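Observations on chain architecture
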Amino acid sequence: MLRAFILCCLVCQAYPASATAEHTCKRLWAHRGHTLDGAPEGSVEATQLALQKGAGGSEIDILWIPGRNDFIVAHDHDAAAAQPEQLFSDWLQAVPNDFPLWVDAKNFSQLWPWQVSAASTRLHAILQQHARLDNSIVESRNPWYLSTLHKTGVRTLYRTDLRNHDSQWLNTAHAGLAGWLYGFGPFTAISNDWRRYHGPTAEHLSRLAPIYLSTAKTMDGVAPLLQRPEVKVVLTNTGVYTHPDC
């Protein structure tokens, strides 16, 4: 009798955790970590909180510093100047390496052509050192530079700003341009603004590659995106990582 009572208690305690895990949506990722509880954007603390809250992954911004021949964690140079410098490699050391990352290489597309090879080689080395080549993806708007990075073995995310227009001619022309630029790949996936991913934009981009979308500031409108099989990730800063349509 006592043994049965103890077993019943253990099952009852375990059930809520199982239910939570079942309803967690691994396609909803945290934008610069989970910051609603006060953790600074992009911090180790925010990223660890995103993992604890059930996010499927998290986004992090990095900058290439040519003088250091290395990457630091920062959204831009102003943000970098206002905070203690943290190398991307050191940041990764403090984050569980089985938690997927969307790495936004903020200034990668703005480098001089002769800087791209060194930056690509270093980024590959960092991700390889931390066993993250398989569960991290690096985003940039420059398809030429991104293709160099892709050739090193890094998973790449080509950022396009394709949007819908009232003119069918413009939709076709812009989709053709996006397809031509994507042809400088191949890339692992394509990213776009979540609000624009419908109509002709969704129709054209879905033919090219898996889709990553950023950044949902409300859960309104997310359901149709999660119902599309090509949409692999939706970034959000709402702190909500569960959804019935996931």
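Rules and cut-offs
Residues numbered from 1 in each chain as written. Predicted model: local features only at pLDDT ≥ 70, side-chain atom pairs only at ≥ 80, totals over all residues. Heavy atoms only, no water. Helix = DSSP H or I, 4+ residues; strand = E, 2+ residues; numbered from the N terminus. Rg over C-alpha atoms; globule rule 2.2 N^0.38 Å. Buried < 20%, exposed > 50% of the residue type's maximum accessible area, 1.4 Å probe, protein only. Areas by Shrake-Rupley, 256 points an atom, 1.4 Å probe, with all protein chains shown as cover. Lys, Arg positive; Asp, Glu negative; His and termini not counted. Charge placed at Lys NZ, Arg CZ, Asp CG, Glu CD. Polar contact = N/O pair within 3.5 Å; in protein donor to acceptor, adjacent residues only side chain to side chain. Contact = heavy atoms within 4.5 Å. Phe/Tyr/Trp six-rings, centres within 6.5 Å; stacked < 30°, edge-to-face > 60°. Disulfide = S-S within 2.5 Å. Salt bridge = Lys/Arg side-chain N within 4 Å of Asp/Glu carboxyl O.

1. Considering the overall build of the chain
- Along its length, the chain carries nine helices and nine strands.
- Taking 18 Å as the expected radius of gyration for a compact globule of 246 residues, we find that the chain reaches 20 Å, a close match to that expectation.
- On the principal axes, the C-alpha backbone points of the chain span a range of 75 × 45 × 30 Å.
- The buried share of the chain, taken over its 246 residues, is 48%.
- Total accessible area computed for the chain in this model is approximately 12400 Å², and 56% of it derives from carbon and sulfur atoms.
- Charge-centre separation for the chain: the mean point of 20 positive side chains lies 4 Å from the mean point of 22 negative side chains.

2. Overview of the side chain of Thr156
- Examined against the element boundaries, Thr156 turns out to sit in strand S6 (residues 156-159).
- A polar contact is formed between the side chain of Thr156 and the side chain of His150, at a distance of 2.6 Å.
- Excluding anything up to four places from it in sequence, Thr156 contacts Ile137, Val138, Leu146, Leu149, His150, Pro186, Phe187, Thr188 and Ala189.

3. Notes on the packing of aromatic side chains
- Summed over all chains, the structure comprises ten aromatic pairs.
- For the ring pair Trp64 and Phe71, a centre distance of 4.8 Å and an interplane angle of 55° mean the geometry is tilted.
- With a relative accessible area of 2%, Trp64 lands in the buried category.
- Note on Phe71: relative accessible area 0%, which makes it buried.
- Seen in terms of ring centroids, Tyr182 and Phe187 are 5.6 Å apart; in terms of plane orientation they differ by 70°. Their pairing is edge-to-face.
- Relative accessible area serves as the criterion here: at 5%, Phe187 is assigned to the buried category.
- Three or more aromatic residues joined by ring pairs form one cluster here, namely Trp29, Trp102 and Tyr212.

4. Structural notes on the state of the cysteines
- Under the defined criterion, the tally for this structure stands at one disulfide.
- Each disulfide pairs two cysteine sulfurs, and for Cys25 the partner residue is Cys246, the sulfurs being separated by 2.0 Å. Looking down the S-S bond of the Cys25 and Cys246 bridge, the torsion is 75°, so its handedness is right-handed. Placement of Cys25 in the loop between helix H1 (2-23) and strand S1 (28-30) and of Cys246 in the segment after strand S9 (231-236) is noted, with a sequence separation of 221 residues between them.
- Taking the relative accessible area as the measure of exposure, Cys246 reaches 38% and is therefore partly exposed.

5. A word on the pattern of salt bridges
- Tallied over the full model, the rule gives 14 salt bridges.
- In this structure, the salt-bridge partner of Asp61 is Arg32, at a minimum N-O distance of 3.0 Å. Of this pair, Asp61 sits in strand S2 (residues 58-65) while Arg32 sits in the loop between S1 and helix H2 (44-53), placing them 29 residues apart in sequence. Of the two residues, Asp61 and Arg32, neither departs from the other in class, the shared state being buried.
- If you follow the salt bridges from partner to partner, you end up with Glu139, Arg141, Arg159, Asp161 and Arg196 in one network.

6. So, unusual backbone geometry
- Here the bond from Gly185 into Pro186 is cis, since omega is 15°, no more than 30 degrees from zero.
- Among the structural elements, Pro186 can be located in the loop between helix H7 (168-182) and strand S7 (189-193).
- Even without glycine at this site, Arg32 takes up a positive phi of about 60°.
- For Arg32, a relative accessible area of 15% puts it in the buried group.
- Phi angles above zero are rare outside glycine, and Ala131 is one such case at about 55°.
- Checked against the element boundaries, Ala131 lands in the loop between helix H5 (113-129) and strand S5 (136-140).

7. Re the environment of Thr172
- Relative to the helices and strands, Thr172 resides in helix H7.
- Taking the C-alpha atoms as reference points, Thr172 and Glu139, 33 residues apart in sequence, are found 25 Å from one another.

Read these as spatial facts, not as claims about activity.
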